[in-house]
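Observations on the three-dimensional arrangement
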Amino acid sequence: MIENMLLKVLVVILSVLVAGIAIICYTPLPTGIHDPVRTELFMGLMKLVTFVMKIRKFFGYGSFLNNVKILQNSIKLEGVLPSAKHGDVQVTREVIENVPVIIYRPNTASVVSPAMVYFHGGGWVLMTADDYDSTTYHFAKETNIVVISVDYRRAPQFPFPVPVQDCLVVTRYFLKNGLQFGIDVSKIGVGGDSAGGNLAAAVALALTREKSGLPSLKFQVLLFPVLQAFDLRLPSYVDMNDSMPILTTRIMAAYNSLYLGLEEDNTEYYSWLMSENQHIPPEMRTSKFADFVSVKNLPKMFRTANRTATEITASYDQDVYNKIKDIIVDPLFSPLMSPDLTGLPTTFIHACEFDVLRDEAMIYSKRLQDAGVKVKFHFGHGGYHADILRMAPDFLWSESGRVAFSAVCNFITSVVQK
């Protein structure tokens, strides 16, 4: 009798736990998402991790960001990278001008091979080249070129411009000395996703403008890139805010604030302020910089948000603007702030339909084309932020991510053959 009672109690407790986890992890997905079952599982995992971090913060175990860093450090890869065990790609670690890199060379690559210098995402704050091992390995394997994954220094310890300077140092080094690594210096491109896409765009801008005598970049690959922090009320920010937990407006604003060098202790305030566009004075909204990110550069169907924007509750903060006014319009921080986009290398841009960063990717694509740059624009129908990355098990990899990944590889392969 007692055993049966204990069993029933245990079943009830387990049922409550399962129901509670299901409620915490459930994400109502926007209509049109590809592979809703896979996406729901992936988003559920993300929400569960986020919930654990919030619980730690609630009980006084540091800020949300610090707890995420603790989790990341606890799963940091050591020793031989998993991709090296496949045997079909040589994986080596190097230090270039004090910046660690991981070099992936397919066994079947040319003796003197094209290459892509890749910058990982993570809001300039999280992730490492090690974390991207599977993604960069697969890029190298599928394109049959060398991929150099850069482990640049990150905010908040190293805010702008340190991360982009690290990326520039490495890229310049391989443009000058690539032959020592069996790399064709006339066929080197840059690539990156999210914040890494920002770094790739910034590197391409800097190298195109400077007169260094180095070979020109062959291409740039920008995957759901961060391209500005001027306007966080674009239609995609309004429509996608909080609908896809992997990247919300507040999270993106928090990353921006840390990369800008604002105090980490006040990140929540800065993310609130920036998410409501109160970090920029009203007169700047009619300046040339506002034109650079204008919705007029979007296709007509995307110029107006489908949802009503949340009410603005913050007030403009002059002190914050004084701290960031020079950086916020610096093209190395916000590539969309560049008045001149001519001469940039052939570009691949991947924008995800359900991503707060969707609109700035489309605006950049339009402005590049207007400047005479060859652009291959891939609109990820049904896709969401980071869908292309190879981090989760393959059974969680969405169809939109598979299609986008294939499109990137086809682009790179075609460009380096010319």
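Every chain is numbered on its own, with residues counted from 1 as its sequence reads. Owing to the predicted nature of the model, reporting of local features is limited to residues with pLDDT of at least 70; listing and counting of side-chain atom pairs is limited to 80 or more, with chain, interface and lining totals taken over all residues. To obtain the side-chain values, all non-hydrogen atoms of the structure were used and water was disregarded.

1. Observations concerning the nonpolar core
Buried together is how nonpolar side chains tend to be arranged in soluble globular proteins. Let me state the cut-off plainly: Among buried residues, those of type Ala, Val, Leu, Ile, Met, Phe, Trp, Tyr and Cys that are joined through side-chain atoms within 4.5 Å constitute a nonpolar core. Throughout, exposure labels follow a simple rule: accessible area from a 1.4 Å probe, protein chains only, divided by the maximum for the residue type, with under 20% read as buried, over 50% as exposed, and the rest as partly exposed. Strands here mean DSSP runs of E at least two residues long; helices mean DSSP runs of H or I at least four residues long; both are numbered from the N terminus. Contacts are assigned to residue pairs that have any heavy atoms within 4.5 Å of one another.
Residues F119, I148 and Y364 are the most contacted members of the largest nonpolar core, which totals 121 residues. Ranked by residue count, the leading element in this core is helix 6 (residues 195-209), at 10 residues. Discounting chain neighbours no more than four positions away, the residues touching I148 are V101, I102, I103, A115, M116, V117, Y118, V170, F174 and I183.

2. Comments concerning unusual backbone geometry
Most peptide bonds are trans, and most residues other than glycine sit at a negative phi. Of note, the bond from A155 into P156 is cis; its omega dihedral lies within 30 degrees of zero at 5°. Of note, P156 is situated in the loop between strand 4 (146-150) and helix 5 (162-177). Of the consecutive residues F160 and P161, the connecting peptide bond is found in the cis state with omega at 10°. With respect to the helices and strands, the residue P161 is situated in the loop between strand 4 and helix 5. Here N98, not a glycine, exhibits a phi torsion of approximately 75°, which is positive.

3. A look at the pairing of strand 7 (residues 346-354)
Short version of the rule: Paired strands, in this sense, are two strands between which DSSP finds at least two bridges. Consider the strands pointing away from the viewer: the crossover is right-handed when the path from the first strand over the helix to the second runs clockwise.
The buried fraction of strand 7 amounts to 7 of the 9 residues, a majority that puts the element mostly inside the structure. Looking at chain direction, strand 7 and strand 8 (residues 375-384) are connected through 7 bridges and run parallel. Each bridged residue has a counterpart across the sheet, and for A351 the counterpart in strand 8 is F379. Note on the crossover from strand 7 through helix 12 (residues 358-370) to strand 8: the handedness is right-handed.

4. Concerning the UniProt feature "active site" (unreviewed entry) in the chain
This is how the line gets drawn: UniProt positions are given in the numbering used here, feature names are shortened, and annotations may be inferred rather than shown by experiment.
Within the UniProt annotation, "active site" (unreviewed entry) is assigned to S194, D355 and H385. These annotated residues cover 192 residues of sequence, and their C-alpha atoms all fall within 10.6 Å of one another, placing them together at a single site. Its place among the elements puts S194 in the loop between strand 5 (183-193) and helix 6. Ignoring sequence-local partners within four residues, the contact set of S194 consists of G121, L223, F224, P225, V226, L357 and H385. Residues in contact with D355, not counting those within four places in the same chain, are F224, S236, M240, L247 and H385.

5. Things to note about the sheet that holds strand 5
Going by this rule: Note on method: axes are straight lines fitted to C-alpha atoms, helices fitted across the in-contact stretch only, with angles between N-to-C directions ranging 0 to 180 degrees.
Reading across from one edge, 1-2-4-3-5-6-7-8 is the order of the 8 strands in this open sheet, with mixed pairing throughout. Where the open sheet ends on each side, the last strands, each with one partner, are strand 1 (89-96) and strand 8. This sheet shows a mean twist of 20° between the axes of neighbouring strands, independent of strand direction. Seen against the sheet, helix 12 touches strand 6 (219-223), strand 7 and strand 8 and runs at an angle of roughly 150° to strand 7. Where helix 13 (residues 399-416) meets the sheet, its contacts fall on strand 3 (113-119), strand 5, strand 6, strand 7 and strand 8, and the angle it forms with strand 6 comes to roughly 175°.

6. With respect to the packing of aromatic side chains
How we decide: Here a Phe, Tyr or Trp ring, Trp counted by its six-membered ring, pairs with any other such ring whose centre lies within 6.5 Å, and the pair is stacked when the planes are under 30 degrees apart, edge-to-face when over 60, and tilted otherwise. By definition here, charges over rings are those cases where NZ of Lys or CZ of Arg is within 6 Å of the ring centre and within 35 degrees of the ring normal.
Counted under the stated rule, the structure contains 18 aromatic pairs. Ring centres 5.7 Å apart and planes at 90° place the aromatic pair F160 and Y259 in the edge-to-face group. In this pair, F160 is assigned in the loop between strand 4 and helix 5 and Y259 in helix 8 (residues 249-259), connecting sequence segments 99 residues apart. The exposure class of F160 is buried, given its relative accessible area of 12%. Judged by its relative accessible area of 0%, Y259 falls in the buried class. Grouping aromatic residues by their ring pairs yields a cluster made of Y118, Y132, F139, W397 and F405. Between R390 and the ring centre of F405, over which it is positioned, the NZ or CZ distance is 5.6 Å.

7. Describing the environment of L357
Assignment of secondary structure puts L357 in the loop between strand 7 and helix 12. Taking C-alpha positions, L357 is 9.0 Å from L247, a pair spaced 110 residues apart along the chain. Excluding residues within four positions of it along the chain, L357 makes contact with S194, F224, P225, V226, S236, Y237, L247, M252 and H385.

8. Quick look at the side chain of E360
Quick note on the threshold: Counting rule for charge: Lys and Arg are taken as positive, Asp and Glu as negative, and neither His nor the chain ends is counted. Salt bridge criterion: a side-chain nitrogen from Lys or Arg within 4 Å of a carboxyl oxygen from Asp or Glu.
For E360, the position within the fold is in helix 12. Despite its burial, E360 pairs with no opposite charge, the nearest such side chain being R358 at 9.8 Å. Contacts of E360, omitting those with residues within four sequence positions, involve P225, V226, L227, Q228, L234, Y237 and L336.

9. Things to note about helix 5
Because each turn of an α-helix spans 3.6 residues, side chains separated by three or four positions in sequence point in the same direction. To keep it simple, the criterion reads: Expected helix span is taken as 1.5 Å per residue step, with the number of steps being one fewer than the number of residues.
Here helix 5 contains 16 residues, and its C-alpha end-to-end distance of 22 Å stays within 8% of the 22 Å for a straight helix at 1.5 Å per residue. Taken as a whole, helix 5 has its buried residues at V162, P163, V164, D166, C167, L168, V170, T171, F174, L175 and N177.

10. A word on the side chain of T249
In this structure, T249 sits in helix 8. If we skip the residues at most four places from it in the chain, T249 touches L232, Y237, N241, S275 and V356.

11. Concerning the packing of helix 4 (residues 133-143) against helix 13
Heads up, the condition is: Any angle that is under 35 degrees is reported as roughly parallel, and any over 145 degrees as roughly antiparallel; angles of 65 to 115 degrees are reported as roughly perpendicular and all others as oblique. With the far helix as reference, a near helix turned anticlockwise by less than a right angle produces a left-handed crossing, and one turned clockwise produces a right-handed crossing. Gly counts as polar in this scheme, as do all residues outside two lists: the nonpolar Ala, Val, Leu, Ile, Met, Phe, Trp, Tyr, Cys and Pro, and the charged Asp, Glu, Lys and Arg.
Interaxial distance between helix 4 and helix 13 falls to 9 Å at its minimum, and their mutual angle equals 50°. Classed by the angle they form, the pair helix 4 and helix 13 counts as oblique. Helix 13 is crossed by helix 4, and the crossing has right-handed handedness. Contacts from H138, F139, E142 and T143 of helix 4 reach helix 13 at F405, V408, C409, I412 and T413. A class-by-class count of the residues in the contact of helix 4 with helix 13 yields 5 nonpolar, 3 polar and 1 charged.

12. Some remarks on helix 4
Extensive coverage of helix 4 is indicated by the burial of 8 of its 11 residues. Among all positions of helix 4, only D133, T135, T136, Y137, H138, F139, A140 and T143 are buried. Close packing links the buried residues of helix 4 with strand 1, strand 2 (99-106), strand 3, strand 4, strand 6 and helix 13.

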